[in-house]
Amino acid sequence: GFIDQKTLDKALETQRQRKRLGQIFLDMGVMDDVMLARALSQQCNIPFLKLDKLAVPPEVLRLVPAEDARRYQVLPVRLVEKRLTVVMVDPLDDEAVRDLRFITNCAIEAAVAPQKVLNLAINHFYNPIDVENQAPVGEFVAKAPQKVMFADENMEEEEAPPEEDEAHDLLTKTEQVPVVKYTNAILVEAIKRGASDIHIQPEQEGTIIRYRIDGLMHEIMRIQRNMHPPIVARIKVLSRMDISIRHKPQDGRCRLRYGGRKYDFRISSLPTHYGEKVTMRILDAEGAVLSLEDLGLSARNAGYINQSITRPTGIILVTGPTGSGKSTTLYAVLKKLNTPEVNIITVEDPVEYNMPGINQVHVNDKQGISFAAGLRSILRQDPDIVMVGEIRDQETAKTAIRAGQTGHLVLSTLHTNDAPSAVTRLTDMGIEPYLVAGSVISVTAQRLARKLCQKCKVKGSISQSTIDILHPLLDGHAATPVFLPRTGGCSECHNQGYRGRVGLHEVLMVNSRLRDEIARGVPTTTLRNLARSQNEFQEMIYDGVQKSLEGLTSFEEILRVTPPPELDEAATL
């Protein structure tokens, strides 16, 4: 009833120039934005939103980045059970609705508001950018932000669901878009193959998708270059990272559900010359913590570790490179020590497995919880056993040493190549040698070697080059047929010849003589030779050779993963 037939005809002629009819009426001056918004509300049967009492929770605002809110002239106002209510100038903009669904991973329910008022509201809510601490300014913030007011209905804000309920089901998503499906397929395939990491690596001609399976990288597929940005954006949405930031590294995490199990993903983005590289670490959130008996320890090494953990005070260290299974070993020790009679507290980055009965603290540098600060705090919680995820700096090392000398059993990890080097590493951090000698109980160094596929492994002979290197360790087994990976593998191992991994270990027990030498500050080589001479220490390669002879892995795999310095010395014994 606002226009006559002549005005409509003129507007329809202009519309052929691909301009919205409502915008044409605004340009012609026959309607204002309030009249247009009310007409759209009635025509589309959607709410007309009054913005004078609007309050938007910060977590809802963060679902739509500021640049997208301004680009599409939209404002998210309410989220209930993955359905996001969005106020729009043009609720018929299918492209905007489709993009918002992709960005937020939510079903979109549209409401409408006048253009001028909505733009003012967008500018208010997205300025300042720190929506968490935004002060109530102007007519858009209600004194009691408990509800969002629509023309004819009140929609009460619901309490945010617990973090556990935020797990996304990869198989039951509704209203999928191609990028969502494609990204899900990448994640699902990684889970199926037992990958520990996913690498999405942009290059000049396209993007390479690689998985780390059993410690080695495998190129899985190549995708077109134009698919890279939307896939990265999709992953950022899942992990609550800012999709508008492309030139700074970001970290995020999310939990996804597949096949009835939940998986935690730790995500890192890194700007490179050809775009953002994304790396995703996959953790089975519901995976059972292994026991010490399941770690593949030899009888000798298992005896040393069991002897160590019966001590009431001191420090037990596990060393090795990233991805060598140090955390798995510590969790196995905690599982054995976890009884009602003791108070166990951990400080981890991040908490990889939830263990009932144990107090687990997550490192958060932004909130002032570092390893050192977290360790100082938990020592005031009357613990019997303390686990520190990693000793990274002098402050953490000093606090851990002090805890080990004041009535606590401390478990932690270090990044060193072998067990004797861990002692030198602590002194290099500024710890006095006599303090290291008085607190360290034992050091376990480890690696993970690929296991032969038990379905397709074949018997064969060791190559002459391997015999030349390992001859002193083979003890007459050089001519014995051993198991090798079958060329081409089988479907069970995805044609690799290997499936799963087995641990290789060396355990250095600090006895009284070693303690005296450590206090004197002897070098690593001297410490290693002394430990070996007492027949209480064997290098990791001995453990590997024995497991190769048992058919668990191959000699070539042992040579690939064991530290070269120990290998050279062992070969000349």
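No experiment lies behind these values; they were computed from the predicted model shown.

### Observations regarding the side chain of aspartate 214
Among the secondary structure elements, aspartate 214 is positioned in the loop between strand E8 (207-213) and strand E9 (216-223). At 4.4 Å, arginine 501 is the nearest oppositely charged side chain to aspartate 214, a buried residue that forms no salt bridge. Here glycine 500 takes part through its backbone nitrogen, which lies 3.1 Å from a polar atom of the side chain of aspartate 214. Among residues more than four places away in sequence, those in contact with aspartate 214 are Arg450, Tyr498, Arg499, Gly500 and Arg501.

### Topic: the sheet that holds strand E17 (residues 409-414)
Strand order in the open sheet formed by 7 strands is E15-E14-E16-E17-E13-E18-E21, and the pairing between neighbours is mixed. The sheet terminates laterally at strand E15 (359-362) and strand E21 (498-509), the two strands that pair on one side only. Sheet twist, expressed as the average angle between the axes of neighbouring strands with direction ignored, equals 20°. Bridge count for strand E14 (residues 344-348) against strand E16 (residues 385-388) is 4 bridges, and the pairing is parallel. Pairing of isoleucine 344 across the sheet is with isoleucine 385, part of E16. Packing of helix H10 (residues 299-308) onto the sheet brings it into contact with strand E13 (314-319), strand E18 (440-452) and E21, and relative to E21 it is tilted by some 60°. Here helix H11 (residues 326-337) sits on the sheet in contact with E13, E14, E15, E16, E17 and E18, set at roughly 165° to E17.

### Describing the pattern of salt bridges
All told, the structure shown has 20 salt bridges when counted by the stated rule. Glutamate 109 is the partner of arginine 83 in a salt bridge, and the nearest nitrogen-oxygen pair spans 2.8 Å. Here arginine 83 is found in strand E2 (residues 83-88), whereas its partner glutamate 109 is found in strand E3 (residues 107-112), with 26 residues between them in sequence. Its relative accessible area of 42% is what places arginine 83 among the partly exposed residues.

### Focus on the pairing of E18
Burial analysis of E18 places 11 of its 13 residues in the buried class, which makes it a mostly covered element. Examined bridge by bridge, E18 and E21 share 10 bridges and lie antiparallel to one another. Following the sheet pairing, leucine 452 is matched in E21 by tyrosine 498.

### Section: the sheet that holds E2
Taken in spatial order, the 3 strands make up an open sheet running E1-E2-E3, and their pairing is mixed. Edge positions in the sheet fall to strand E1 (74-80) and E3, since each of these pairs with one other strand and no more. This sheet shows a mean twist of 25° between the axes of neighbouring strands, independent of strand direction. Across the sheet, helix H7 (residues 115-125) touches E1 and E2, and the angle it forms with E1 is around 70°.

### Things to note about the packing of helix H8 (residues 178-192) against helix H9 (residues 228-238)
Taken N-terminus to C-terminus, the directions of H8 and H9 make an angle of 75°; their axes are 9 Å apart at the nearest point. In terms of axis orientation, H8 runs roughly perpendicular to H9. Residue-level inspection shows Val179, Val180, Tyr182, Thr183, Asn184, Ile186 and Leu187 of H8 in contact with H9, the latter providing Pro230, Ile231, Arg234, Ile235 and Leu238. A breakdown of the residues in the contact of H8 with H9 according to their chemical character gives 9 nonpolar, 2 polar and 1 charged.

### Points about the packing of helix H6 (residues 94-104) against H9
Direction vectors running N to C along H6 and H9 enclose 55°, while the axes themselves pass 7 Å from each other. With respect to their mutual orientation, H6 and H9 come out oblique. Only Pro230, Ala233, Arg234 and Val237 of H9 make contact with H6, whose side of the interface consists of Phe102, Ile103 and Thr104. Across the contact of H6 with H9, the residue classes break down as 5 nonpolar, 1 polar and 1 charged.

### Considering the side chain of serine 291
Counting through the fold element by element, serine 291 comes out in the loop between strand E12 (275-284) and H10. Looking at serine 291, its side chain comes within polar contact range of the side chain of aspartate 294, at 2.9 Å. For serine 291, the contacting residues outside a window of four places in its chain are Ala332 and Lys335.

### A look at unusual backbone geometry
Phi is positive for asparagine 45, close to 55°, though the residue is something other than glycine. With respect to the element layout, asparagine 45 can be found in the loop between helix H3 (33-44) and helix H4 (58-61). Owing to a relative accessible area of 71%, asparagine 45 belongs among the exposed residues under this scheme. Of note in this structure, glutamate 81 is not a glycine but carries a positive phi near 50°. Looking at where glutamate 81 falls in the secondary structure, it is placed in the loop between E1 and E2.

### Let's talk about the packing of aromatic side chains
In this structure the tally under the stated criterion is 1 aromatic pair. Here tyrosine 331 and tyrosine 353 contribute two aromatic rings whose centre-to-centre distance is 5.4 Å and whose plane-to-plane angle is 90°, an arrangement assigned as edge-to-face. Of this pair, tyrosine 331 sits in helix H11 while tyrosine 353 sits in the loop between E14 and E15; the two residues are 22 residues apart in sequence, bridging distant segments of the chain. Exposure remark for tyrosine 331: the relative accessible area of 2% places this residue in the buried category. The ring of phenylalanine 48 carries arginine 38 above its face, with NZ or CZ at 4.2 Å from the centroid. One Lys or Arg, lysine 457, reaches over the ring of phenylalanine 483 and ends 4.3 Å from the middle of that ring.

### Side note on the confidence of the model for the chain
Considering every residue of the chain, the mean pLDDT works out to 82; 86% of them sit at 70 or more. Confidence over residues 128-176 falls short of pLDDT 50; this stretch has 94 contacts with residues more than four positions distant or in other chains. The low-confidence segment residues 564-573 (pLDDT under 50) makes 17 contacts with residues lying over four places distant or belonging to another chain.

### Observations regarding the pairing of strand E7 (residues 197-202)
Of all 6 residues in E7, 6 are buried; the element is thus mostly enclosed. Where burial is concerned, the two faces of E7 agree: the one with Asp197, His199 and Gln201 and the one with Ile198, Ile200 and Pro202 are both buried. Across 6 bridges, the pairing between E7 and E8 is antiparallel. Considered in E8, the bridge of aspartate 197 is made with arginine 212. Linking two consecutive strands that pair antiparallel, namely E7 and E8, is a turn of 4 residues.

Basis of the calculations
Residues numbered from 1 in each chain as written. Predicted model: local features only at pLDDT ≥ 70, side-chain atom pairs only at ≥ 80, totals over all residues. Heavy atoms only, no water. Helix = DSSP H or I, 4+ residues; strand = E, 2+ residues; numbered from the N terminus. Buried < 20%, exposed > 50% of the residue type's maximum accessible area, 1.4 Å probe, protein only. Lys, Arg positive; Asp, Glu negative; His and termini not counted. Salt bridge = Lys/Arg side-chain N within 4 Å of Asp/Glu carboxyl O. Polar contact = N/O pair within 3.5 Å; in protein donor to acceptor, adjacent residues only side chain to side chain. Contact = heavy atoms within 4.5 Å. Pairing = 2+ DSSP bridges. Axes fitted to C-alpha atoms, helices over the stretch in contact; angles between N-to-C directions. Parallel < 35°, antiparallel > 145°, perpendicular 65-115°, else oblique. Nonpolar A, V, L, I, M, F, W, Y, C, P; charged D, E, K, R; others polar. Phe/Tyr/Trp six-rings, centres within 6.5 Å; stacked < 30°, edge-to-face > 60°. Lys NZ or Arg CZ within 6 Å of the ring centre and 35° of its normal. pLDDT = per-residue confidence, 0-100.

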